[in-house]
Amino acid sequence: MIAVIAKLTAKPGHEDELGAALTDGAAKVLAGEPGCLLYRVARSRSDTGVYTLMEIYASQAALDAHPNAPHFEEIRTALSAHLGAAPEVEFLDALN
């Protein structure tokens, strides 16, 4: 399994809009990508403009399919209007 942690920061004044776009996108990923086992959105308690995505994919193939899923461009467009910086992404090997 492959784990992904992504940190996304909202433009000032777009904190709630980014959160809504992320949670909407998460629902689409879970519904449309059977190889995605977990896709959670969390909001920082100390900085409400910072969100963390926690993702787990069944395989490298499932992760590779993620940016090519039919809904991905729609999600990317929705997020880009509210992002204040490029996402910081870390890929990990899940041990359990």
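Coordinates for the structure precede this section.
Residues numbered from 1 in each chain as written. Predicted model: local features only at pLDDT ≥ 70, side-chain atom pairs only at ≥ 80, totals over all residues. Heavy atoms only, no water.

K.L.:
Would you take a moment to explain the environment of Pro-87 for this structure?
P.N.:
Relative to the helices and strands, Pro-87 resides in the loop between α3 (72-80) and β4 (88-93). A residue is classified by how much of its surface remains accessible, and Pro-87, at 41% relative accessible area, is partly exposed. Each C-alpha atom of the pair Pro-87 and Thr-9 lies 7.2 Å from the other, and the pair is 78 residues apart in sequence. Residues in contact with Pro-87, not counting those within four places in the same chain, are Lys-7 and Leu-8. (Helix = DSSP H or I, 4+ residues; strand = E, 2+ residues; numbered from the N terminus. Buried < 20%, exposed > 50% of the residue type's maximum accessible area, 1.4 Å probe, protein only. Contact = heavy atoms within 4.5 Å.)

K.L.:
I'm lost on the sheet that holds strand β2 (residues 36-43) in this one. Help?
P.N.:
Two orientations exist for strands paired in a sheet by backbone hydrogen bonds: parallel and antiparallel. What the four strands build is an open sheet, ordered β2-β3-β1-β4; its pairing is antiparallel. The open sheet has two edge strands, β2 and β4, and neither has a second partner. Each adjacent strand pair in this sheet contributes to an overall mean axis angle of 15°, direction not counted. Here β2 runs beside strand β3 (residues 50-57); their pairing, made up of seven bridges, is antiparallel. Paired with Arg-40 across the bridge in β3 is Met-54. Contacts between helix α1 (residues 15-32) and the sheet are confined to β1 (2-9), β2 and β3, with β2 contributing the most and set at about 170° to the helix. (Pairing = 2+ DSSP bridges. Axes fitted to C-alpha atoms, helices over the stretch in contact; angles between N-to-C directions.)

K.L.:
Just checking my understanding: could you explain the packing of α1 against α3 for this structure?
P.N.:
Close contact between α1 and α3 brings their axes to 9 Å; oriented N to C, the two are set at 170°. By the angle between their axes, α1 is roughly antiparallel relative to α3. Facing α1, whose interface residues are Leu-18, Ala-21, Leu-22, Gly-25, Lys-28 and Val-29, α3 presents Glu-74, Ile-75, Ala-78 and Leu-79. (Parallel < 35°, antiparallel > 145°, perpendicular 65-115°, else oblique.)

K.L.:
Would you explain the layout of surface pockets in this entry?
P.N.:
Empty space among the atoms can be located by rolling a probe the size of a water molecule over them. Of the voids in this model, the largest pocket is the one considered here, and its volume is about 380 Å³. Only β1, α1, β3, α3 and β4 provide two or more residues apiece to the lining of the largest pocket. Among the residues forming the lining of the largest pocket, the class breakdown is 17 nonpolar, three polar and two charged. (1 Å grid on protein atoms, 1.4 Å probe; cavity = no way out; pocket = protein on both sides within 12 Å on 5 of 7 lines; lining within 4 Å. Points joined across faces, edges and corners; volume = space filled by probe spheres on them. Nonpolar A, V, L, I, M, F, W, Y, C, P; charged D, E, K, R; others polar.)

K.L.:
Teacher, can you tell me more about the environment of Ala-65 here?
P.N.:
Its location among the elements puts Ala-65 in helix α2 (residues 60-65). On the accessibility criterion, Ala-65 (40% relative accessible area) is partly exposed. For the pair Ala-65 and Glu-15, spaced 50 residues apart in sequence, the C-alpha to C-alpha distance is 28 Å.

By themselves these figures say nothing about function.
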